[in-house]
Amino acid sequence: MSPPGLLGRSILASVLVAAVASVATALLTTQAARLSAEREQVRVAHVDREIVQRLEAYGRGSAGWSHAGGLLTELAASAERRIVITDVDRTPLARSGSGSDEGTTAGAVDPGEPTAVLDPMAAILAEAVAQPPTAYDDLALPPSLLAARPDGAGLRAAVRRDHQAVGVCSGRSAAGAGTRALPSTPVVLVDCADRSLPRAATGTGPVGDIARLQNAVALDEYRCLRRRDVPVDVLRLYGPPDLVTIQLPDLTAAQRRGWEDCATSALTRHLRPLVAPSAVLYVTETRAVQRGLISRIGGGRIVVALVVILAAAVVASLLASRRVLRPVRRLTAATQEMAAGELATRVPVTGHDEVARLGRSFNEMAAALTVSDEQRRRMVSDVAHELRTPLSNLRGYLEAGRDGVLERDDAWNESLLEEAVLLQHVVDDLAVLAQADAGRLEVRRLPGDVVGTVEAALAAMRGQAEARGIVLERTGAASASAPHDPLRMRQVLANLLSNAVRHSPDGAVVSVAVRTTGGAGDGAARVLIEVADRGEGIAEEHLPRVFERFFRADPSRARETGGSGLGLAIVERLVAAHEGAVAAARRPGGGTVFTVSLPAGPQS
């Protein structure tokens, strides 16, 4: 099975990215929604707890729930809830939105799951039996009941101050009776049969109602405890208001159970008509509470949304991939055509994106390959032409010697040697160019005087020049230091001087000038070598091509006037290897000047 193509990989990558992004987004959103829902639930629980506490406090101070509508409306508005109180049969007793004096609609309702059970009496009893009274000022009514009843705070304030006297009725010995937790006021031992104790239940003073309730509960608890043989002291606090309290010693477990039973029965009998009965509380939301993302939207909808996102990603990836792959396919086809030899193949390019730049680069490469192929073909043709003439001459001389047309004398041998030398010269030039093209041209640049190298090249060429009456002269600086390879630079100068002598008329002057430029703030110092002749010169249109291989300004390709066509190409490569440059220009008044520029070295 072959691996998927670029289009398949692109679609697969887009699908994976879209899937991962969608799942990650869904998870993060779900997590955020879950945390928000948890915070909302905590807030709702806190609000519900406050509502229950407020309503139970109301129930401890009221005989029923029928007038709780005002409080429910207040709580519902502050908590953004709808509140209903019903009995166990779900018959509404009070609801938010109704006034405090308005009745409730008859008939059962179904407001949902109950939030809590309101039982004010249970809370009162639990608080009352939590700790037996051990001091003279421990009241039978628990603090939560006093806080909810009118004048309850006044009664508590009255109990806190010292009374004029405390009367203690005890069934125990007089020595140990009523001596614990008593105030600094006088303590009077009272006969338990004193008829004034029941009469004290009537209470006196401004808090008479709550005082009478306290005294009634305390006396009932006292009688119940006496019946159960639980040791107990009954105390009369001489007021105002006159109060009755009870005081218990340390109790055993059985006595503690007796105390709890007596306190529960006494409080229940006296408080039943005064405290609201048990009821069921319903608290519902008037606004949507945040839930989890999946529960609010639905798992099916999320799956559908993910499928739609993936489908959109596939379509978008397909369209984008086709737009990218269309030019890539054209490039692939063009490359195959070029591999088959069609170097003229080009691809249409539109736009400015990366693919368009790739197409332009391909066309530029194709154009360069076309030029390179033309140069290669032309070079092969030129090499064949250059080798054909000396080889034909060699063959002619050899056939003539074999057939006896020419004598095999010194002149015949000299002709063969001349043609062989010419062949060797062409082959050597081609070898130098091949090394330069491959980057293996060996150049050993050493610090030295360029003028000395120029003088040596002039001396080597002087014999050939004098044969035609041509004068070689050097002008310019007496010395000029530049790192260079003397042998390679003499090869450069030999080619330039040979061309100058070849193209100069008899008796002319060929000059070589050496000078330095630049340095001291004018840029890098350079050493310039100028070879000038007074020949016919090079046409302006031929100047850009003089350094091409096998190029001759003379179309006749005569060896006597054009050479092999490789000399100037070798000059350009050798000068470039010295990090220099060479240029050709027409000389004013006729002739050509070639300028070699080399980086200057330290002057001695």
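Above: the structure in question.
The following paragraphs examine the structure supplied in this document. (Residues numbered from 1 in each chain as written. Predicted model: local features only at pLDDT ≥ 70, side-chain atom pairs only at ≥ 80, totals over all residues. Heavy atoms only, no water.)

### A short note on the overall build of the chain
Move 1: Secondary structure summary: the chain contains 16 helices and 13 strands in total.
Move 2: Per-residue burial for the chain yields a buried fraction of 39% across its 604 residues.
Move 3: A separation of at least 24 residues holds for 69% of the contacts in the chain among residues at least 6 apart in sequence. (Helix = DSSP H or I, 4+ residues; strand = E, 2+ residues; numbered from the N terminus. Buried < 20%, exposed > 50% of the residue type's maximum accessible area, 1.4 Å probe, protein only. Contact = heavy atoms within 4.5 Å.)

### Quick notes on the state of the cysteines
Move 1: Applying the stated rule across the entire model yields one disulfide.
Move 2: One disulfide in the model links Cys-224 with Cys-262; its S-S distance is 2.1 Å. Since a negative S-S torsion denotes a left-handed disulfide, the Cys-224-Cys-262 link at about -70 degrees is left-handed. Of this pair, Cys-224 sits in helix 7 (residues 208-227) while Cys-262 is found in helix 8 (residues 253-271), placing the two residues 38 residues apart along the sequence. Taken as a pair, Cys-224 and Cys-262 share a single burial class, namely buried. (Disulfide = S-S within 2.5 Å.)

### Digging into unusual backbone geometry
Move 1: Residue Asp-229 is not a glycine yet carries a positive backbone phi of 60 degrees.
Move 2: Tracing the chain through its elements places Asp-229 in the loop between helix 7 and strand 6 (233-238).
Move 3: Unusually for a residue other than glycine, Glu-579 sits at a positive phi of about 60 degrees.
Move 4: Tracing the chain through its elements places Glu-579 in the loop between helix 16 (567-577) and strand 12 (581-586).

### Observations regarding the packing of aromatic side chains
Move 1: Inspection of the entire model under this criterion finds two aromatic pairs.
Move 2: A ring pair is formed by Phe-547 and Phe-594, whose centres lie 6.2 Å apart and whose planes are at 85 degrees; its orientation type is edge-to-face. Here the residue Phe-547 occupies a position in the loop between strand 11 (526-532) and helix 15 (559-562), and Phe-594 occupies one in strand 13 (residues 592-599), the gap between them amounting to 47 residues.
Move 3: A relative accessible area of 12% means that Phe-547 is categorised as buried.
Move 4: In this structure Phe-594 comes out as buried when scored by relative accessible area, which is 6%. (Phe/Tyr/Trp six-rings, centres within 6.5 Å; stacked < 30°, edge-to-face > 60°.)

### Observations regarding a positive patch on the surface
Move 1: Taken together, the side chains of Arg-322, Arg-326, Arg-329 and Arg-330 define a basic patch exposed on the protein surface.
Move 2: With respect to the element layout, Arg-326 can be found in helix 10 (residues 299-339). (Patch = residues over 30% accessible without salt bridge, like charges linked within 9 Å, V, L, I, M, F, W, Y side chains within 5 Å. Areas by Shrake-Rupley, 256 points an atom, 1.4 Å probe, with all protein chains shown as cover. Salt bridge = Lys/Arg side-chain N within 4 Å of Asp/Glu carboxyl O. Lys, Arg positive; Asp, Glu negative; His and termini not counted. Charge placed at Lys NZ, Arg CZ, Asp CG, Glu CD.)

### A closer look at the sheet that holds strand 2 (residues 92-95)
Move 1: One open sheet accounts for four strands, arranged 2-1-8-3; its pairing is antiparallel. The strands lining the two open edges of the sheet, one partner per strand, are strand 2 and strand 3 (116-118). For this sheet the average axis-to-axis angle between neighbouring strands, irrespective of direction, equals 30 degrees.
Move 2: Both strand 1 (residues 81-86) and strand 2 contribute to a ladder of three bridges, which runs antiparallel. Note on strand 2: the bridge partner recorded for Thr-86 is Pro-92.
Move 3: Packing of helix 2 (residues 69-79) onto the sheet brings it into contact with strand 1 and strand 2, and relative to strand 1 it is tilted by some 150 degrees. (Pairing = 2+ DSSP bridges. Axes fitted to C-alpha atoms, helices over the stretch in contact; angles between N-to-C directions.)

### Quick word on helix 3 (residues 120-128)
Move 1: All of the buried residues along helix 3 are Pro-120, Met-121, Ile-124, Leu-125 and Ala-128. Taken around the axis of helix 3, the buried residues stretch over an arc of 130 degrees, which confines them to a single face. (Arc of directions from axis to C-beta.)

### Considering the sheet that holds strand 10 (residues 509-517)
Move 1: Taking strand neighbours across the sheet as the criterion, the five strands line up as 9-10-11-13-12 in an open arrangement whose pairing is mixed. Of all strands in the sheet, those with a lone pairing partner are strand 9 (471-476) and strand 12, marking the two edges. Averaged over neighbouring strand pairs, the angle between their axes works out to 15 degrees when direction is ignored.
Move 2: Note: strand 10 against strand 11, seven bridges, orientation antiparallel. The partner of Val-514 across the bridge, within strand 11, is Ile-529.
Move 3: Its contacts with the sheet place helix 13 (residues 450-466) against strand 9, strand 10 and strand 11, and it is angled at close to 165 degrees to strand 9.

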